[in-house]
Amino acid sequence: EYVCAPEDTLAAKPPGISFDEAAAVPLAAVTALQGLRDKGGIQPEHKVLINGASGGVGTFAVQLARTFGAEVTAVCSASKVEMARSLGADHVIDYTREDFTRSGQRYDIIFSVSGYYPLMAYRRALRPNGRYVMVGGKGAQFFEALVIAPLVSKFGNKKMGALSAKPSQQDLVFLSGLLASGKVKSVIDRRYPLSQ
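Cut-offs and rules
Residues numbered from 1 in each chain as written. Predicted model: local features only at pLDDT ≥ 70, side-chain atom pairs only at ≥ 80, totals over all residues. Heavy atoms only, no water. Core = buried A, V, L, I, M, F, W, Y, C linked by side-chain atoms within 4.5 Å. Buried < 20%, exposed > 50% of the residue type's maximum accessible area, 1.4 Å probe, protein only. Helix = DSSP H or I, 4+ residues; strand = E, 2+ residues; numbered from the N terminus. Contact = heavy atoms within 4.5 Å. Patch = residues over 30% accessible without salt bridge, like charges linked within 9 Å, V, L, I, M, F, W, Y side chains within 5 Å. Areas by Shrake-Rupley, 256 points an atom, 1.4 Å probe, with all protein chains shown as cover. Salt bridge = Lys/Arg side-chain N within 4 Å of Asp/Glu carboxyl O. Lys, Arg positive; Asp, Glu negative; His and termini not counted. Charge placed at Lys NZ, Arg CZ, Asp CG, Glu CD. Pairing = 2+ DSSP bridges. Axes fitted to C-alpha atoms, helices over the stretch in contact; angles between N-to-C directions.

(A) Local environment of the nonpolar core. Leu36, Val48, Ile50, Val62, Leu64, Phe111 and Leu175 are the most contacted members of the largest nonpolar core, which has 39 residues in total. Looking at this core, the elements that each hand over two or more residues are α2 (25-39), β1 (47-51), α3 (56-67), β2 (71-76), α4 (81-86), β4 (107-113), β5 (126-135) and α7 (169-181). Sorting elements by how many residues they give to this core places α2 first, with seven residues. Those residues in contact with Leu36 that sit more than four places away from it in its chain are Gly41, Ile42, Val48, Ile50, Ala61, Leu64, Ala65, Ile109 and Phe111.

(B) Expanded view of a positive patch on the surface. Residues Lys39, Arg131, Lys159 and Lys166 make up a contiguous surface patch of positive charge. Turning to its location among the elements, Lys166 is positioned in the loop between β6 (159-162) and α7. The class of Lys166 is exposed, set by a relative accessible area of 57%.

(C) Quick peek at the sheet that holds β5. Strand order in the open sheet made by the six strands is β3-β2-β1-β4-β5-β6, with parallel pairing throughout. Bordering the open sheet on either side are β3 (91-94) and β6, each of which pairs with just one other strand. The average angle at which neighbouring strand axes cross in this sheet is 15°, direction not considered. Direction of pairing for β1 relative to β4: parallel, over a ladder of four bridges. Within β4, the residue paired with Ile50 across the bridge is Phe111. Sheet strands touched by helix α6 (residues 139-153): β4, β5 and β6. Its angle to β6, the strand with the most contacts, is close to 150°.

And the structure:
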């Protein structure tokens, strides 16, 4: 099987990483990296909440936030709590038992991967100068992030918006180093034959 792709969007697979593990990186890990670093402005000791921490983008986001020196809170279902902890989350919230937007905790970055709460609930959970970054989503969530969030961001010091990741050779090379060193790993939920 062959495919054509622009050379400037590709990078070599890191040694010691399987093709399965490498396959998750170009979309999921690049999205997490660009969301936290570029859109979120992550800094050491930031308090970062990852809503949807057990999916493809979320598992990379938890690990990358830790790599950047942040204090990480992962939000996922009860069945994924231990996995989120094993990836380096400092705190894990089971979303079926606790609404983090009403806990009183405030975060420098809320990185939400297809997890829906009203936009103003996310805003309430941000610290002053905090940033909300939405990835994925549908319906009301998508509308709020693309249309209402930029308007809300004009008033006050909390920035809110959506991310559309872009292919980047530079980001793949950066992530390749983290994968090769073992600081970040791909979490494979299941594998499918090509026919599926």
